[in-house]
2 protein chains.
Amino acid sequence: MQQSMATTTQPATPGTDAPLLDRLRRLVVSGTALPGELLAETALAEEFAVSRTPIREALKQLEREGLVEIRPRVGTFVRKPTRKEIFELFELKESLEGLAASLLARRGDVPELRSLAHNVENEREAVRAGDRTAYATLVHDFHRTLVTGADNRKLGEHYELLMNQLAYHRIVTQTLSLPGRLDASMDEHRQILLAIQSKDPLFAELTTRRHISRTRESATIAAFAESDDA
Amino acid sequence: MQQSMATTTQPATPGTDAPLLDRLRRLVVSGTALPGELLAETALAEEFAVSRTPIREALKQLEREGLVEIRPRVGTFVRKPTRKEIFELFELKESLEGLAASLLARRGDVPELRSLAHNVENEREAVRAGDRTAYATLVHDFHRTLVTGADNRKLGEHYELLMNQLAYHRIVTQTLSLPGRLDASMDEHRQILLAIQSKDPLFAELTTRRHISRTRESATIAAFAESDDA
DNA sequence: CCATGCTCTGTTGCATACATCAACTGTAAT
DNA sequence: ATTACAGTTGATGTATGCAACAGAGCATGG
């Protein structure tokens, strides 16, 4: 009856199954699993060396996050947002980032503001060097820092949910490759930074919203060029 | 792939077996299960006449929705939002409803607009009759119609997520019982309606946001009066 | 009297077994 | 050749068993 055994290293992961959910999510948002692809529970269970049960639980969560679609008695498929959904998500994005900018401007001097300034500097450098991939990463960081700096955890959660759903769209449509979009984007980021630094919440919000609106337009154009069904 | 979802009942219910998940969620948002209460899988399984497995899956989803907290190896507990979270949620609410009003104003003449007008009429009646509970329901309907009328499904999903987290707070703090808040609330709804009818998106948005902002203030006051720990 | 370690119960975490049903395939009839 | 249909296959949906762990309660020693 001794329960002092501590030698069993085989079962593993006695705590939370966060890594599993995260890895599954990454599979989808990274584009490793393409839209329409079947995510078979058995295969995933074997691949991740666990039983079907935790896989099922994770898949249900991904469904709730809008990343996959579970067709009962059939299977789980990677979801591809429709054109309308992408449009809706951008409308939401505009609103949420506008809120973030407003809150950040209201907060005043916080470390995230310095991060933003630094980021814009790096963007200028990347543009000068013509490094598109580096710039793409910086854009991602810029928006992420913006939202983080708002110091509103709930906003952050909703924003992440939203961005995960847009992940595939972002991967496919390289909006930054549109002519002139690169410089324009950088300039708009600079304007956002200035607006926030001026500590005018409304001005910061409107500037940010205009930027997202333009981004959306470019994204829509790029999506048209790709001519997916959806 | 022409087979789309068959629209279960609620926009935020993309799932497969909606009934169980919905009933469990209702258990939490309705206040039947109080914050801090343990939701034991075995007990729930027996109560709903199913096995533990589907219960577990549903509970995990509720955790993702922020309604319960799963402490590994201990149990699932009904979550009580902290004061800061409630504040954050109201900030989000203001932004989302502002967006909804803006979109609705842009859409122009749609059936939801008539619903809103009708709702305001009923509110006036309820206020005249002094029926607080009826008015509370109408308020709920008003905001719900506002968001529905925006014709943005993603917005609707995020909004419902948000409102579910605020459900308990709404139940506990009867903000409408504050002196004069009832009449003020009705008047603000009327102003929102007028702004939307004027088809001026920005005006509609600002009017709505001001209303939510005032609601938040009242809610905060009421929350203080209740002096919960959180 | 208090601190500390042990036991014991209750609950979750995961694995596995079985039931059920969708999709496919091969055959036969038109 | 095309369509209808029934058998087969393989997946999911659910139930249940076992093990691990957290926390309460108790006994014991200081």
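Owing to the predicted nature of the structure, the values given are computational and were not obtained by experimental measurement.

The rules behind these values
Residues numbered from 1 in each chain as written. Chains lettered and ligands numbered in written order. Predicted model: local features only at pLDDT ≥ 70, side-chain atom pairs only at ≥ 80, totals over all residues. Heavy atoms only, no water. Helix = DSSP H or I, 4+ residues; strand = E, 2+ residues; numbered from the N terminus. Buried < 20%, exposed > 50% of the residue type's maximum accessible area, 1.4 Å probe, protein only. Contact = heavy atoms within 4.5 Å. Areas by Shrake-Rupley, 256 points an atom, 1.4 Å probe, with all protein chains shown as cover. Buried area = accessible area lost by both parts, 1.4 Å probe. Salt bridge = Lys/Arg side-chain N within 4 Å of Asp/Glu carboxyl O. Polar contact = N/O pair within 3.5 Å; in protein donor to acceptor, adjacent residues only side chain to side chain. Pairing = 2+ DSSP bridges. pLDDT = per-residue confidence, 0-100. Near = heavy atom within 4 Å. Nonpolar A, V, L, I, M, F, W, Y, C, P; charged D, E, K, R; others polar. Least-squares fit on C-alpha atoms with pLDDT ≥ 70 in both. Expected span 1.5 Å × (residues − 1).

Visitor: Is there a simple way to explain the overall build of chain A in this structure?
Guide: Of the regular secondary structure elements, chain A holds 9 helices and 3 strands. Reading the helices (α) and strands (β) of chain A from amino to carboxyl end gives α-β-α-α-β-β-α-α-α-α-α-α. For chain A, the proportion of its 230 residues judged to be buried stands at 50%. At a minimum sequence separation of 6, the contacts of chain A that also span at least 24 residues come to 72%. For chain A, the exposed surface amounts to about 12000 Å²; the carbon and sulfur share of it is 53%.

Visitor: Whenever I open this one, the interface of chain B and chain A confuses me. Can you help?
Guide: Where interface size is given, it is often the accessible area lost as the parts come together that is meant. Contacts between the two partners involve 32 residues from chain B and, on the opposite side, 32 residues from chain A. Of the roughly 3600 Å² buried between chain B and chain A, counting both surfaces, carbon and sulfur atoms make up 49%. Taken as a group, B:Arg64, B:Lys154 and B:His158 account for 19% of the area that chain B buries against chain A, more than any other trio of residues on that side. Summed over the shared surface of chain B and chain A, the result is 12 salt bridges. The salt bridge involving B:Arg56 is made with A:Glu57; its shortest N-O contact spans 2.9 Å. Our count for the contact surface shared by chain B and chain A stands at 20 residue pairs in polar contact (both at pLDDT 80 or more). Among the elements of the structure, helix H3 (52–64), helix H4 (83–107), helix H7 (153–172) and helix H9 (201–226) of chain B are those that each provide at least two residues to the side of chain B that touches chain A.

Visitor: Can you help me understand the sheet that holds strand E3 (residues 75–78) of chain A in this one?
Guide: Across a sheet, strands are paired by hydrogen bonds formed along the backbone, either parallel or antiparallel in direction. Residues and elements named next belong to chain A. Ordered in space as E1-E3-E2, the 3 strands form an open sheet in which the pairing is antiparallel. Either end of the sheet is taken by a strand with one partner, and the two such strands are strand E1 (38–39) and strand E2 (68–71). Pairing analysis gives 4 bridges linking E2 to E3, with the strands arranged antiparallel. By the bridge assignment, glutamate 69 is partnered in E3 with phenylalanine 77.

Visitor: Looking at this structure, I do not really get the confidence of the model for chain A. What am I missing?
Guide: Predicted coordinates in areas of low pLDDT are best not read in detail. With 89% of its residues at a pLDDT of at least 70, chain A reaches an overall mean of 88. Every residue in residues 1–16 of chain A is under pLDDT 50, and counting partners more than four places away or in other chains gives 2 contacts.

Visitor: Any chance you could explain the protein's contact with DNA strand D here in plain terms?
Guide: In the vicinity of DNA strand D lie 18 residues, with A:Glu41, A:Arg52, A:Arg56, B:Ser51 and B:Thr53 positioned nearest. The side chain of A:Arg52 places a nitrogen or oxygen atom 3.1 Å from a base nitrogen of DNA strand D. Counting only elements with at least two residues in the surface near DNA strand D, the list comes to helix H2 (41–47) and helix H3 (52–64) of chain A together with H3 of chain B. For the surface near DNA strand D, the leading source of residues is H3(B), giving 3 residues. Among the residues making up the surface near DNA strand D, the classes are represented as 7 nonpolar, 4 polar and 7 charged.

Visitor: I tried to follow the relation of the copies chain B and chain A on my own but got confused; where do I start?
Guide: The two chain copies are connected by a rotation around an axis plus a translation along it. Of the transformation superimposing chain B on chain A, the axial component is 0.0 Å and the angular component is 180°, with the fit at an RMSD of 0.1 Å. Each copy turns onto its partner about a two-fold axis. Of all interface residues in chain B, 94% are interface residues in chain A too; the two copies therefore contact each other through one and the same surface.

Visitor: Mind showing me how you'd approach helix H8 (residues 181–197) of chain B here?
Guide: For an α-helix, 3.6 residues make a turn, and residues three or four places apart therefore share a direction. Residues and elements named next belong to chain B. Between its first and last C-alpha atoms H8 spans 24 Å; for 17 residues at 1.5 Å apiece the expected length is 24 Å, and the two agree. Residues of H8 that are buried: Arg181, Leu182, Ser185, Met186, Glu188, His189, Ile192, Leu193, Ala195 and Ile196. Of the residues trailing H8, lysine 199 is marked for its positive phi of about 60°.

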